[in-house]
Amino acid sequence: MIAVSILNRLIMAAITLFGVAVIVFVLLRVVPGDPIAMMISPGASPADIAALRAHYGLDASLATQFWLWLKSVLIGDFGTSISLKRDVLSLLGERLPATLELAFAALVLAVLLGGSVAIIGTLARRTIFEPVIDSLNGLFLAVPDFVWALALVLVLGVLFPLFPLSGRIDPSIDAQFATPFYLIESLVTFRFGIFADICAHMVMPVLALGLPLAAIIARVLKAALSEAMVQDYILLAKLKGMSELRLVLQEALRNAVGPTIALTGVQFTFLIGGTVIVERIFAYPGIGNMAIDAVINRDLPLIQGLVLVFGALFILVNLAVDLLVAAFNPRLAHG
């Protein structure tokens, strides 16, 4: 049953990606602006312009361009970046790991912080501390990630310069990496000095991305825990002498975590999209920062590759979330 469900979702994922590719391909070619005009020098002849347009395949009809591009994508050729003059797939391979490390670090922070606040809020229900916790959580919920980023730059980067303001690693560090996953590789190879420097560069972007998500997790999980705490099985466990903390962690949390996982997965896809602005603010070399440059330069092959990557990430995250929810809810796994 689960294998069939995964297969159906993968088929739907392929159809969805195809639809996204069609929409983006068409929109990029109907909006104003010519990428070739941005590349040529003022004294270029019409023959030079025509040759450059033919080189990037922009002289054919829209249907022909899409068919040629789709055939190339299916064999792993995403084309050549117009602005960077490099293979799009290699550019994505270099930048995507940086964004993934940033997003997963923010997710871990959000889950730990949001889960802790939800549990503390549940333990403090019907006390004077509950409205204080809810108010603070609402404040964190109202502030978007880019505002957190600007505030962190001002406080932790300018007023109290505790962390680096930009980049992924200190340029003065002469480090050779075998993979683009710098954080993971530096940890598993026991280069703790480099690992600490990478972490220091990630602190502010991770906080900017993770704090709003933590507030969402805290609100949803606390509501689910509060609902679970009035169920009959909780009352029965309380009559048996189980402590309040044990009731929350051992009984209520197990049944309240399912809806929270589902919402967290949806919000995590938004978090990946949110890296576009946050990476720009901190000059972090991920695909979000590269996406802004690609749009500014009207780099059609690079934009198309980025959109497909974002679409694939969203689909894979949603599939993983569905499997996790089914794992925590046996009725869904067998339904």
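These numbers were taken from a predicted model, which means no experiment stands behind them.

**Topic: the environment of Val117**
Tracing the backbone shows Val117 in helix H5 (residues 88–123). Exposure remark for Val117: the relative accessible area of 25% places this residue in the partly exposed category. Between the C-alpha atoms of Val117 and Gly288, which are 171 residues apart in sequence, the distance is 30 Å. Once you skip the residues sitting within four places of it in the chain, Val117 turns out to touch Ile133, Asn137 and Ala218.

**Section: a nonpolar patch on the surface**
Taken together, Leu154, Val155, Val158, Leu159, Phe160, Leu162 and Leu165 make up a surface patch of nonpolar side chains, about 670 Å² in accessible area. With respect to the helices and strands, Leu154 occurs in helix H7 (residues 145–159). Leu154 sits in the partly exposed class, given a relative accessible area of 48%.

**What about helix H9 (residues 192–228)?**
Each α-helix winds once per 3.6 residues, and so residues spaced three or four apart point in a common direction. Taking 1.5 Å as the rise per residue, H9 with 37 residues should run 54 Å; its terminal C-alpha atoms sit only 43 Å apart, a clear shortfall. At Met202, H9 is bent by approximately 40 degrees, the largest bend along its length, and proline Pro205 sits one to four residues beyond.

**With respect to the confidence of the model for the chain**
Per-residue confidence for the chain gives a mean pLDDT of 85; residues scoring 70 or more make up 94%. Summarising per-element confidence for the chain, the mean pLDDT is lowest in helix H14 (residues 330–333) (49) and highest in helix H8 (residues 182–188) (94).

**So, the environment of Gln267**
Examined against the element boundaries, Gln267 turns out to sit in helix H11 (residues 244–281). Residues Gln267 and Ile217, 50 residues apart in the sequence, show an inter-C-alpha distance of 9.2 Å. Once residues lying within four places of it in the same chain are set aside, the contact partners of Gln267 are Leu213 and Ile216.

**Structural notes on the packing of aromatic side chains**
For the structure on display, the rule yields nine aromatic pairs. For the ring pair Phe140 and Trp148, a centre distance of 5.1 Å and an interplane angle of 40 degrees mean the geometry is tilted. A relative accessible area of 17% places Trp148 in the buried class. Between Phe310 and Phe314 the ring centres are 6.3 Å apart and the planes differ by 40 degrees, which places this aromatic pair in the tilted class. With Phe310 and Phe314 both in helix H13 (residues 300–328) and four residues apart, the pair spans about one turn of that helix. We classify Phe310 as buried; its relative accessible area is 12%. An aromatic cluster of at least three residues, connected via ring pairs, comprises Phe18, Phe25, Phe66 and Trp69. Its end group placed over the ring of Tyr182, Arg168 keeps NZ or CZ at 4.0 Å from the ring centre. Above the plane of the ring of Phe177 lies Arg191, whose end atom (NZ or CZ) is 4.9 Å from the centre.

**Topic: the pattern of salt bridges**
All told, the structure shown has seven salt bridges when counted by the stated rule. Of the charged contacts in the structure, one is a salt bridge between Arg191 and Glu185, with a shortest N-O distance of 3.4 Å. With its nearest N and O atoms 2.7 Å apart, the salt bridge here joins Asp293 to Arg280. One end of the pair, Asp293, is in helix H12 (residues 287–296); the other, Arg280, is in helix H11, and 13 residues separate them in sequence. Of the residues examined, Asp293 reaches a relative accessible area of 31% and is grouped as partly exposed. For Arg280, a relative accessible area of 35% puts it in the partly exposed group.

Quick notes on the rules
- Residues numbered from 1 in each chain as written.
- Predicted model: local features only at pLDDT ≥ 70, side-chain atom pairs only at ≥ 80, totals over all residues.
- Heavy atoms only, no water.
- Helix = DSSP H or I, 4+ residues; strand = E, 2+ residues; numbered from the N terminus.
- Buried < 20%, exposed > 50% of the residue type's maximum accessible area, 1.4 Å probe, protein only.
- Contact = heavy atoms within 4.5 Å.
- Patch = residues over 30% accessible without salt bridge, like charges linked within 9 Å, V, L, I, M, F, W, Y side chains within 5 Å.
- Areas by Shrake-Rupley, 256 points an atom, 1.4 Å probe, with all protein chains shown as cover.
- Salt bridge = Lys/Arg side-chain N within 4 Å of Asp/Glu carboxyl O.
- Expected span 1.5 Å × (residues − 1).
- Bend = angle between axes of the 7 residues up to and from the residue.
- pLDDT = per-residue confidence, 0-100.
- Phe/Tyr/Trp six-rings, centres within 6.5 Å; stacked < 30°, edge-to-face > 60°.
- Lys NZ or Arg CZ within 6 Å of the ring centre and 35° of its normal.

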